[in-house]
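Per-entry structural report
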Amino acid sequence: MSKKSVLVTGASSGLGLAAALLLARSGFQVFAAARNIHDLPEVPGLVPVVLDVSCQASVAAAFEQIAQATGGQPLWALVNNAGICVPSPLELLGAEELRRQLDTNVIGQLIVTQAALPHLRRSHGRVINVTSGLGSIAVPYLGAYSIAQFAKMAFTDALRRELEHSGVSVSVVQPGAIHTPIWGKFRATGQQLLAQAQPQARAIYGASFQAFLAQSEALAKEAVTTADDFAEVILQVLTTAQPQSHYCVGDDAGEFVAMARSLSTPELDALFSAQMPGAQAFAEAGATA
Ligand SMILES: NC(=O)c1ccc[n+]([C@@H]2O[C@H](COP(=O)([O-])OP(=O)(O)OC[C@H]3O[C@@H](n4cnc5c(N)ncnc54)[C@H](OP(=O)(O)O)[C@@H]3O)[C@@H](O)[C@H]2O)c1
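All values derive from a computational prediction rather than experimental measurement.

What counts, and where the lines are drawn
- Residues numbered from 1 in each chain as written.
- Predicted model: local features only at pLDDT ≥ 70, side-chain atom pairs only at ≥ 80, totals over all residues.
- Helix = DSSP H or I, 4+ residues; strand = E, 2+ residues; numbered from the N terminus.
- Rg over C-alpha atoms; globule rule 2.2 N^0.38 Å.
- Contact = placed C-beta atoms within 7 Å.
- Pairing = 2+ DSSP bridges.
- Axes fitted to C-alpha atoms, helices over the stretch in contact; angles between N-to-C directions.
- Buried ≥ 20, exposed ≤ 12 C-beta atoms within 10 Å, placed from the backbone.
- Right-handed = clockwise from strand over helix to strand, strands pointing away.
- Near = placed C-beta within 6 Å.
- Nonpolar A, V, L, I, M, F, W, Y, C, P; charged D, E, K, R; others polar.
- Parallel < 35°, antiparallel > 145°, perpendicular 65-115°, else oblique.
- Expected span 1.5 Å × (residues − 1).
- Core = buried A, V, L, I, M, F, W, Y, C linked by C-beta atoms within 7 Å.
- Left-handed = near helix turned anticlockwise from the far one by under 90°.

Of regular secondary structure, the protein possesses 10 helices and seven strands. Taken against the 2.2 N^0.38 rule, which gives 19 Å for 289 residues, the C-alpha radius of gyration of the protein at 20 Å falls within 12% of a compact globule. Viewed in the frame of its principal axes, the protein has a C-alpha envelope of about 70 × 40 × 35 Å. Long-range contacts, defined as pairs at least 24 residues apart, comprise 72% of the intrachain contacts of the protein with a sequence gap of at least 6.

Below, the discussion takes up the sheet that holds strand 2 (residues 29–34). Overall, parallel pairing links the seven strands, which are arranged 3-2-1-4-5-6-7 in an open sheet. At either margin of the open sheet sits one strand with a lone partner, and together these are strand 3 (46–50) and strand 7 (246–249). Pairwise comparison of adjacent strand axes, ignoring direction, gives a mean angle of 20 degrees for this sheet. Where strand 2 lies against strand 3, five bridges are found, and the strand directions are parallel. When the sheet's bridge partners are listed, Ala32 is paired in strand 3 with Pro48. Along the sheet face, helix 2 (residues 56–70) touches strand 1 (5–9), strand 2 and strand 3 and points at about 155 degrees away from the line of strand 3.

Take the pairing of strand 2 next. Within strand 2, six of the six residues are buried, leaving the element largely enclosed by the surrounding structure. Examined bridge by bridge, strand 1 and strand 2 share five bridges and lie parallel to one another. Residue pairing in the sheet places Val6 in a bridge with Val30 of strand 2. With helix 1 (residues 14–25) bridging strand 1 and its parallel neighbour strand 2, the resulting β-α-β unit is right-handed.

Tracing the backbone shows Thr240 in the loop between helix 7 (227–239) and strand 7. As for Thr240 and Arg122, which are separated by 118 residues in sequence, their C-alpha atoms are 19 Å apart.

Here we take up the site of the ligand. Around the ligand, 32 residues are found, and the nearest of them are Gly10, Gly14, Arg35, Gly83 and Ile182. At the level of elements, helix 1, helix 3 (95–123) and helix 5 (182–196) are the ones that each hand at least two residues to the shell around the ligand. Counted by class, the shell around the ligand contains 15 nonpolar, 14 polar and three charged residues.

Okay, the packing of helix 5 against helix 6 (residues 199–221) next. For the pair helix 5 and helix 6, interaxial distance at closest approach is 10 Å and the crossing angle is 175 degrees. When the axes of helix 5 and helix 6 are compared, the pair comes out roughly antiparallel. Across from Trp183, Phe186, Arg187, Gly190, Gln191 and Leu194 in helix 5, the residues of helix 6 making contact are Arg202, Gly206, Phe209, Leu213, Glu217 and Ala220. For the contact of helix 5 with helix 6, the per-class residue count stands at six nonpolar, three polar and three charged.

Note that an α-helix has 3.6 residues per turn; residues three or four places apart therefore point the same way. Between its terminal C-alpha atoms helix 1 stretches 17 Å, which fits the 16 Å expected from 12 residues at 1.5 Å a residue. Here helix 1 lies mainly inside the structure; 10 of its 12 residues are buried. Every buried residue of helix 1 is accounted for by Gly14, Leu15, Gly16, Leu17, Ala18, Ala19, Ala20, Leu21, Leu23 and Ala24.

What follows deals with the nonpolar core. Ranked by size, the top nonpolar core spans 77 residues in total, and within it Val6, Ala20, Val30, Ala32 and Ile234 carry the most contacts. When neighbours within four sequence positions are excluded, Ala20 is seen to be in contact with Val8, Ala11, Val30, Ala32 and Leu46.

Bringing unusual backbone geometry into the picture now. Positive phi values are uncommon outside glycine, yet His124 reaches one of about 50 degrees. As for its placement among the helices and strands, His124 is situated in the loop between helix 3 and strand 5 (126–130). Positive phi outside glycine occurs at Tyr141, with the angle close to 75 degrees.

Take the environment of Gln275 next. Relative to the helices and strands, Gln275 resides in the loop between helix 9 (265–273) and helix 10 (279–287). We classify Gln275 as partly exposed; it has 13 C-beta atoms within 10 Å. Taking the C-alpha atoms as reference, Gln275 lies 17 Å from Leu92; in sequence the two are 183 residues apart.

This part takes up the packing of helix 3 against helix 4 (residues 143–162). Orientation of helix 3 relative to helix 4, taken along the N-to-C sense of each, is 15 degrees, at an axis distance of 9 Å. The angle between the axes of helix 3 and helix 4 places the two elements in the roughly parallel class. Judged by the twist between their axes, the crossing of helix 3 over helix 4 is right-handed. Two secondary-structure elements touch here, helix 3 through Glu97, Leu98, Gln101, Leu102, Asn105, Val106, Gln109, Leu110 and Thr113 and helix 4 through Ala144, Tyr145, Ala148, Ala151, Lys152, Phe155 and Leu159.

Put into structure tokens, the structure is as follows:
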């Protein structure tokens with residue numbers, strides 16, 4: 001019998017790479033997709049695919065390659081994992097930066113899923129959407145990323161309900177903090193956006209946003225959850241007889257989901273209040289306007 005095939009987006013780095021390697025070692029034919037695939041290791045069962053999820057032509061070309069490689073056997077699973085994180089106070093966030101966040105994490109996911117569904121319907125296959133704990137609680141300075149993750153959660157719920165009678169299962173996997181290259185890119189992007197901000201906005205947000213970037217990266221470095229833990233959950237979703245609709249990876253992600261359900265909005269607001277610019281920062285900036 002031929003191997004079941006899986007497309008993993010964002011497989012050149014971090015979580016996607018760990019999942020692609022474990023799935024290949026576990027006997028799947030894995031299409032490991034990203035824009036830059038030059039550094040992907042040569043592993044039996046792992047097929048590199050150039051794929052920019054934000055470009056319709058690139059998605060079409062990738063699915064051509066996959067169809068040729070599978071010789072007409074339909075793709076069995078899709079792991080929508082590709083993503084970026086654009087940190088910024090919302091007052092400083094340019095429309096282009098929000099578009100980049102949504103094009104990659106939301107619209108890209110729609111385009112890839114649409115291309116995969118004709119195959120997945122034939123194979124009675126599986127979709128896994130990777131979101132985040134921030135798909136349950138919106139975090140200040142991660143507004144763009146939270147918007148994208150909430151959208152991905154809604155996308156998953158709507159898709160699962162639409163496909164209820166199709167034979168295709170749809171699951172969401174919400175990781176907590178895991179140390180991967182995303183955190184270095186996160187800090188660099190945040191510092192770049194801060195450097196481009198108007199002096200008044202920089203005066204208000206600069207200190208607390210810089211502290212937020214440094215603390216977030218430091219916390220991620222200390223995270224006990226690993227990319228391999230994430231990969232194990234992906235393998236579980238693809239090998240269990242009846243996938244659940246929802247999985248968390250790491251205690252922190254589970255706590256985020258539980259807090260979103262149990263805490264009131266004022267209680268959630270209070271969690272972040274101490275890290276935000278104080279009244280004095282706003283007053284001083286107002287005086288110089
Ligand atoms: N690490 C965490 O703490 C954490 C926590 C919760 C959720 N997540 C989510 O997990 C996913 C993977 O994150 P990660 O930590 O593994 O990040 P990462 O190490 O930065 O990897 C991101 C991957 O996405 C790919 N990518 C980015 N833009 C793309 C595009 N336009 N088209 C195709 N591929 C693209 C990157 O490859 P190229 O740049 O070569 O295209 C790379 O392979 C993301 O969706 C992220 O939101 C991560």
